[in-house]
Amino acid sequence: MSIPFGHQQLHNRYCFEGKLELVTALRISSGRASDETDAPFIRAFDGAPYIPGSSLRGAIRSEVERVLASMGKEVGLISCTLFEKDACAEKARKFLQKIETEKVKKDAGSNKQKNELTAEFAKLELCDVCKLLGSTVYASRLVIEDALPVDVAIARNHIRIRDGVGIDRDTGSAKDGAKFDYEVIDPINSSITFLFKMTAENVTDDSDRKLINLILGLLKHGLHVGGKRTGGLGKIKLKETDNAFYKVSGFENSTSLWKAIVNGEKIHNSIEWQEVIKC
Ligand SMILES: [Zn+2]
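These lines cover the structure that appears in this document, whether it is placed above or below.

What counts, and at which threshold
Residues numbered from 1 in each chain as written. Predicted model: local features only at pLDDT ≥ 70, side-chain atom pairs only at ≥ 80, totals over all residues. Heavy atoms only, no water. Helix = DSSP H or I, 4+ residues; strand = E, 2+ residues; numbered from the N terminus. Buried < 20%, exposed > 50% of the residue type's maximum accessible area, 1.4 Å probe, protein only. Contact = heavy atoms within 4.5 Å. Areas by Shrake-Rupley, 256 points an atom, 1.4 Å probe, with all protein chains shown as cover. Donors = N, O, S within 2.8 Å, 3.2 Å for Na, K, Ca; no water. Tetrahedral: all angles 85-135°; square planar, octahedral: opposite > 155°, others 65-115°. Phe/Tyr/Trp six-rings, centres within 6.5 Å; stacked < 30°, edge-to-face > 60°. Expected span 1.5 Å × (residues − 1). Pairing = 2+ DSSP bridges. Patch = residues over 30% accessible without salt bridge, like charges linked within 9 Å, V, L, I, M, F, W, Y side chains within 5 Å. Salt bridge = Lys/Arg side-chain N within 4 Å of Asp/Glu carboxyl O.

### Things to note about the overall build of the protein
The helix and strand tally for the protein stands at 7 helices and 9 strands. Within the protein, buried positions represent 41% of all 279 residues. Long-range contacts, defined as pairs at least 24 residues apart, comprise 70% of the intrachain contacts of the protein with a sequence gap of at least 6. Accessible surface, the protein: about 16,400 Å² in total, of which carbon and sulfur atoms supply 50%.

What follows is the structure, encoded as structure tokens:
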């Protein structure tokens, strides 16, 4: 059965859990200076340093877009680019303008109608990446959670302060003699891992599945997250544990969801995930 596009009904849910291993020093700043450093590492309320889901998501998305820009056609996946004339963001802006004008005209803009129109627009007009990872008008169907360290104490013990160069905000160049330092988690001589959790809903069999497989492939291969990525910082990799890179749970269709609810079973049973990128 083909899966209808959208958020309104729940047809399937796949939950991927694994461990991300830090390969090079990671810099994700909290945005507020402390007494010790200009750019402390981001920490949760309990002091645990972590990788925000939004950082992971941004890093994944830009890597996916970079890969698809060169070989999207070969694998049958379409990705818009920011500076394209007909990019999804521009189409979305026009679409929103249109429904706002029609709403005023007919005064028939109920929320339900708007949601249906938006889903229809997303299905027909957005590129494969914006369809799954979201756009200005359409929420993502792929959720990536904040990644907490598997061992908080080890992660905290590997926080180091590095010296950087102060940047002149006006000219964008290095300021003479300006001192600036920042915190990193440096994995040297130790294995530092973070818990990875990604959930995808209403996965369609074609483009969504291909795209998720591409994301998993890129994570296994390793990608860069956080600050100073171009300088090689923040390389993370999905780590193989017990002959598997990740575990998948959830339900594949509404029948198995219903069965689980009626029989009082766990909704998140282990399920199979076919990891083949078809060309
Ligand atoms: Zn797009």
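This is not the end of the story, as more comes after the structure.
### A few points about the coordination of the zinc ion
Put simply, a metal with four donors set out as a tetrahedron has ideal angles of 109.5 degrees, and one with six donors set out as an octahedron has ideal angles of 90 or 180 degrees. Cys80 (SG), Cys88 (SG), Cys127 (SG) and Cys130 (SG) make up the full set of protein donors to the zinc ion, lying at 2.3 Å. Viewed at the metal, the 4 donor atoms of the zinc ion are separated by angles of 101 to 116°, and the geometry they form is tetrahedral. When the donor residues of the zinc ion are listed from N- to C-terminus, their spacing reads C-x7-C-x38-C-x2-C. You can see Cys88 sitting in helix H2 (residues 88-106) and its partner Cys127 sitting in the loop between helix H3 (111-125) and helix H4 (128-133), a full 39 residues away along the chain.

### Points about the packing of aromatic side chains
Using the criterion set out here, one finds 5 aromatic pairs in the structure. Consider the rings of Phe95 and Phe121, whose centres lie 4.3 Å apart with planes at 15°: the pair is stacked. Of the two residues, Phe95 is situated in helix H2 and Phe121 in helix H3; the sequence distance between them amounts to 26 residues. What makes Phe95 buried here is its relative accessible area of 11%. For Phe121, a relative accessible area of 9% gives the class buried. On the numbers, 6.4 Å between centres and 35° between planes, the contact of Phe180 with Tyr182 is tilted.

### Description of helix H6 (residues 207-221)
Here H6 is 15 residues long and its end C-alpha atoms lie 21 Å apart, about the 21 Å a rise of 1.5 Å per residue gives. Among the 15 residues that make up H6, 12 are buried, leaving the element largely enclosed by the rest of the structure. Considered for burial, the residues of H6 that qualify are Ser207, Asp208, Arg209, Lys210, Leu211, Ile212, Asn213, Leu214, Ile215, Leu216, Leu218 and Leu219. With its phi angle positive at about 110°, Gly222 sits one or two positions after the end of H6.

### Side note on the pairing of strand S1 (residues 13-22)
Alignment of S1 against strand S5 (residues 193-201), held across 9 bridges, turns out to be antiparallel. Within the sheet, the bridge partner assigned to Arg13 lies in S5 and is Glu201. As defined by bridge partners, S1 adjoins strand S8 (residues 246-251) across 6 bridges and the pair is classed as antiparallel. The partner of Phe16 across the bridge, within S8, is Val248. Pairing analysis gives 3 bridges linking S1 to strand S7 (residues 235-238), with the strands arranged antiparallel. Looking across to S7, one finds that Glu21 is bridged to Lys237.

### A look at the side chain of Glu63
Within the secondary structure, Glu63 is located in helix H1 (residues 53-75). What Glu63 contacts, discounting residues up to four positions off in sequence, is Leu218 and Leu223.

### Side note on a nonpolar patch on the surface
A cluster of nonpolar side chains, Trp258, Ile261, Val262 and Ile267, forms an exposed patch at the surface whose accessible area comes to about 420 Å². Within the secondary structure layout, Ile261 lies in helix H7 (residues 254-262). A relative accessible area of 47% places Ile261 in the partly exposed class.

### What to know about the pairing of S5
Pairing of strand S2 (residues 142-144) with S5 involves 3 bridges; the strand directions are antiparallel. The residue of S5 that forms the bridge with Leu142 is Ala200.

### What to know about the environment of Leu126
The topology assignment puts Leu126 in the loop between H3 and H4. Residue classification places Leu126 among the buried positions, given a relative accessible area of 4%. Note: C-alpha distance between Leu126 and Ala87 (39 residues apart in sequence) is 8.5 Å. Every residue in contact with Leu126, bar those within four places of it in the chain, is listed here: Cys88, Phe121, Lys131, Ser135 and Tyr138.

Don't take any of this as a statement about function, it's just geometry.
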